[in-house]
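# Fold and geometry: a report
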Amino acid sequence: MNQEAPPSLFSRLLPRSLVGQLVFATAIALFVAQAVSFYMLAREQGEQRIMRIAIPVANRIVEVSDRISVGQTPVAARRSGRTPRILVDVSDQPIVTDAMIEHERAAAQLRTLLAEANANIKTVRASELTGPPHLQPLPLMRKIKDEKEREEREDAATARRALAKAGLSGPNARRSALFDDGRGRVHYNTVLVSAQLEDGRWINIILPAAKTDPMLSGLLIGQTLLLYLMLLAPIAWIGWRVSRPLNALTVAARSTDVGEAVDPIPESGPADVSDLTRAFNMMRARIFGMLGEKDRMLGALGHDLRTPLASLRVRVESVDNDALRAKMTGTMDEMAVMLDDILALARSGQEKEAMVATDVGALLSAVVEDYRDVGADVMLGEMPAHIVRSLHPVPMRRVLRNLIDNALNYGTRARVSLSDEGGRAVIRVADDGPGIPPDRIPEMLEPFARAEESRSRETGGAGLGLAIAKTIVTQQGGKLSLYNAPDGGLVAQVVLG
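Residues numbered from 1 in each chain as written. Predicted model: local features only at pLDDT ≥ 70, side-chain atom pairs only at ≥ 80, totals over all residues. Heavy atoms only, no water.

### What about the overall build of the protein?
In terms of helices and strands, the protein carries 12 helices and 12 strands. In the protein, once contacts between residues fewer than 6 apart in sequence are set aside, the share between residues at least 24 apart is 68%. With the model as given, the accessible surface of the protein reaches about 29,400 Å², and the carbon-plus-sulfur share is 58%. (Helix = DSSP H or I, 4+ residues; strand = E, 2+ residues; numbered from the N terminus. Contact = heavy atoms within 4.5 Å. Areas by Shrake-Rupley, 256 points an atom, 1.4 Å probe, with all protein chains shown as cover.)

Here it is in structure tokens:
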């Protein structure tokens, strides 16, 4: 026997409702679209950042290279507008060592720009360190710092006036003068560049490079939330308009009682859904019409059959042979009982009266006492003190009688019990008979099904008792089931919610 495969993780995470699936699918689509947009925007910003680094550095390398070629001394630090200062030094050793992680994209862009400028550069290296330049323990920084301190010692007054004029006086004046971007911000990383000249010397450059704008992530998150609000709210509203009438259809289909007249479901929602509701109302009306016709037909049939049956009974009394007369009378009695059973099956579940709160234990006790009064071997086991359920007492009494009659017909005794199991009232009627083959148990709850194939009233009747009981129990909101007891016999179980 093939076992059903367990649901996948996606199936367990996917909402079951229509609104939930619409919102979930839209949210996933928006997330993917925003993720692609974020990737493209971040890539574009990365390219722009590389260009902001490479262009001024390439210009400085070309400028220094030209100065060296004509025998001039390169300028160590320069600022152009709001561009952070670029620190330059010419040395026999590169500042970007082999131990550093090379910034491949920046180095490649620099090579392209320098080749376009026809600069006499053999090779270019680039690396990026976390944090602003004044925090990096680099030899070039110490050299520039020493030169700055010597200049200040030579002309301290000039340095103070220059710093004050630039608005950079104070404890961090030297750091700000070299590495501030002119707007008081120092959230930079450090970019190191080493470009080798034709004579083997290296042009070493240090410059602050602004980190990726931290506002980008916040803006994208805000944009995503705004899109979610603008799109998911209308989709949820549309899904609600569709699912509300569908839920009404589900409730109506589950709660429809063939014994009660019901009002049509309001036709609301989109056109497709309202058409479905209209079709359901028409279908239910046709079903109720056919059931009504069936009841009227059976009622008329029962009435029409009783009249000739009564006439036959009168004629039988004129038969002189006592044995033949008794046999004919017994046959007519069986016909009358069978007719009553057929009418009871047709009308079961059609009760018009409202359910009433009934003490189930007291109802069981009364039925069992009726059997004990006529000498039947029917015993009532221990019961909870007080179990009350809303039901129709008269049809429920018929259910109990049918179950006890079956137990006595197929066995010699009946044992009735009542228990409270998880808030449900459970009635069990057990016999000591041969039981039923497991594959035939579902069949026994159908009309005219019998474990013993003859239709004799002495061995169980026409096979309508369990079908009638099942219909009545279902109409009461319960469930009737059969199973073989472990120690022999059959158990009929009624579960009332």
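### Some details on the pattern of salt bridges
Here the structure, examined in full by the defined rule, presents 15 salt bridges. Of the charged contacts in the structure, one is a salt bridge between Asp 370 and Arg 401, with a shortest N-O distance of 2.9 Å. With Asp 370 in helix α10 (residues 360–373) and Arg 401 in helix α11 (residues 393–410), this pair connects stretches of sequence that are 31 residues apart. Exposure remark for Arg 401: the relative accessible area of 30% places this residue in the partly exposed category. Linking Asp 432 and Arg 413 is a salt bridge whose minimum nitrogen-to-oxygen distance equals 3.8 Å. Of this pair, Asp 432 sits in the loop between β10 (424–431) and α12 (465–475) while Arg 413 is found in the loop between α11 and β9 (414–421), placing the two residues 19 residues apart along the sequence. Accessibility expressed as a relative area gives 33% for Asp 432, which makes it partly exposed. Residue Arg 413 is classed as partly exposed on the basis of its relative accessible area of 37%. What emerges from the salt-bridge pattern is a single network uniting Arg 60, Glu 63 and Arg 67. (Salt bridge = Lys/Arg side-chain N within 4 Å of Asp/Glu carboxyl O. Buried < 20%, exposed > 50% of the residue type's maximum accessible area, 1.4 Å probe, protein only.)

### Some words on the side chain of Asn 402
By the element assignment, Asn 402 lies in helix α11. Looking at Asn 402, the relative accessible area reads 14%, which means it is buried. Residues in contact with Asn 402, not counting those within four places in the same chain, are Gly 465, Ile 468 and Ala 469.

### Thoughts on unusual backbone geometry
Although it is not a glycine, Asn 118 sits at a positive phi angle of roughly 55 degrees. Relative to the assigned elements, Asn 118 resides in the loop between α3 (104–116) and β3 (121–129). Residue Asn 118 is classed as exposed on the basis of its relative accessible area, which comes to 65%.

### Topic: α12
For an α-helix, 3.6 residues make a turn, and residues three or four places apart therefore share a direction. Among all positions of α12, only Leu 466, Ala 467, Ile 468, Ala 469, Ile 472, Val 473 and Gln 475 are buried. Where α12 terminates, the next one or two residues include Gly 477, which has phi positive at roughly 85 degrees.

### Quick look at the environment of Leu 466
Relative to the elements of secondary structure, Leu 466 occurs in helix α12. Here the alpha-carbon distance between Leu 466 and Glu 446, two residues 20 residues apart in the chain, equals 7.5 Å. Ignoring sequence-local partners within four residues, the contact set of Leu 466 consists of Leu 403, Asn 406, Met 444, Leu 445, Leu 480 and Leu 482.

### So, the confidence of the model for the protein
Mean pLDDT over the protein works out to 76, with 75% of the residues at or above the 70 mark. Between residues 79–83, whose pLDDT stays under 50, and residues either more than four places distant or in other chains, the model counts seven contacts. Overall, residues 154–186 carries pLDDT values under 50, and its contacts beyond four positions in sequence, including any with other chains, amount to 38 contacts. (pLDDT = per-residue confidence, 0-100.)

### Notes on the side chain of Thr 277
Structurally, Thr 277 can be placed in helix α8 (residues 271–316). In this structure Thr 277 touches Pro 245, Leu 249, Ile 265, Pro 266 and Glu 267, once residues within four positions along its chain are discounted.

### Describing the packing of α11 against α12
It is at 9 Å that the axes of α11 and α12 come closest, and there the two elements cross at 145 degrees. As for the relative orientation of α11 and α12, their crossing is left-handed in sense. Here Pro 395, Met 396, Arg 398, Val 399, Asn 402, Leu 403 and Asn 406 of α11 lie close against α12, whose contacting residues are Gly 465, Leu 466, Ile 468, Ala 469, Ile 472 and Val 473. Looking at the contact of α11 with α12 residue by residue, the classes come out as nine nonpolar, three polar and one charged. (Axes fitted to C-alpha atoms, helices over the stretch in contact; angles between N-to-C directions. Left-handed = near helix turned anticlockwise from the far one by under 90°. Nonpolar A, V, L, I, M, F, W, Y, C, P; charged D, E, K, R; others polar.)

### Digging into the nonpolar core
Membership of the largest hydrophobic core comes to 38 residues, with the highest contact counts inside it found for Met 396, Leu 403, Ile 404, Ile 427, Leu 482 and Val 494. For this core, the secondary structure elements donating two or more residues are α10, α11, β9, β10, α12, β11 (478–484) and β12 (490–496). Beyond its immediate sequence surroundings of up to four residues, Val 494 is in contact with Met 396, Leu 403, Ala 425, Val 426, Ile 427, Val 473, Lys 479 and Leu 480. If you look at the next biggest cluster of nonpolar residues, it comprises 26 residues, including Ala 58, Ile 86, Val 191 and Ala 209. (Core = buried A, V, L, I, M, F, W, Y, C linked by side-chain atoms within 4.5 Å.)

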